[in-house]
Amino acid sequence: MEITVNQQLYTVPDRCTVQTLLSDVLNQTSKGLAIAVNQTIVSKSNWETEPLNHGDHIIIITATQGG
């Protein structure tokens, strides 16, 4: 299925979750991230069970330090 992550199109396996997207597709750790699926923030405690669907729009925001 196809989803959009930060305005880039990705093909992911069916039954993909937010956590699967991060670890298997994007090879990214979950530390310091906030994720929204279709403009709704997904709590980190739900990443392993939050299913993604064809056509979803995901925004991944990375926390940064600075002043």
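Cut-off values and rules
- Residues numbered from 1 in each chain as written.
- Predicted model: local features only at pLDDT ≥ 70, side-chain atom pairs only at ≥ 80, totals over all residues.
- Heavy atoms only, no water.
- Core = buried A, V, L, I, M, F, W, Y, C linked by side-chain atoms within 4.5 Å.
- Buried < 20%, exposed > 50% of the residue type's maximum accessible area, 1.4 Å probe, protein only.
- Helix = DSSP H or I, 4+ residues; strand = E, 2+ residues; numbered from the N terminus.
- Contact = heavy atoms within 4.5 Å.
- Pairing = 2+ DSSP bridges.
- Axes fitted to C-alpha atoms, helices over the stretch in contact; angles between N-to-C directions.
- pLDDT = per-residue confidence, 0-100.

Asker: Just to check I follow, could you spell out the nonpolar core for this structure?
Answerer: Within soluble globular proteins, side chains that are nonpolar generally end up buried alongside one another. Counting residues in hydrophobic clusters, the biggest one holds 17 residues, and the most contacted among them are Leu-21, Ile-35, Leu-52, Ile-58 and Ile-60. Taken together, the elements giving at least two residues each to this core come down to strand S1 (2-5), helix H1 (18-25), strand S3 (33-37) and strand S5 (57-62). Apart from residues no more than four positions distant in its own chain, Ile-35 is found in contact with Val-18, Leu-22, Thr-40, Ile-41, Val-42, Trp-47, Ile-58, Ile-59 and Ile-60.

Asker: What is the right way to look at the sheet that holds strand S4 (residues 40-42) in this model?
Answerer: By way of backbone hydrogen bonds, the strands of a sheet pair with one another, either parallel or antiparallel. Read across the sheet, five strands follow the order S2-S1-S5-S3-S4 without closing on themselves; strand pairing throughout is mixed. With partners counted over all chains shown, the strands left at the sheet margins are strand S2 (8-11) and S4, one partner each. Strand-to-strand twist across the sheet, computed as the mean angle between neighbouring axes with direction ignored, equals 35°. Bridging between S1 and S2 involves four bridges; their strand directions are antiparallel. Across the sheet, Val-5 pairs through a bridge with Gln-8, a residue of S2. Most of the contacts of H1 go to S3, to which it runs at about 125°, and overall it touches S1, S2, S3 and S5.

Asker: What is the right way to read the environment of Ile-58 from this model?
Answerer: Tracing the chain through its elements places Ile-58 in strand S5. Sequence separation of Ile-58 and Val-18 is 40 residues, and the distance between their C-alpha atoms is 9.1 Å. Beyond its immediate sequence surroundings of up to four residues, Ile-58 is in contact with Ile-3, Thr-4, Val-5, Asn-6, Leu-21, Ile-35, Ala-36, Val-37 and Leu-52.

Asker: Teacher, can you tell me more about the confidence of the model for the protein here?
Answerer: Regions with low pLDDT should not have their predicted coordinates read in detail. Summary statistics for the protein give a mean pLDDT of 94 and a share of 97% for residues scoring 70 or more. Taking the mean pLDDT of every element in the protein, the minimum, 94, falls on H1 and the maximum, 98, on S1.

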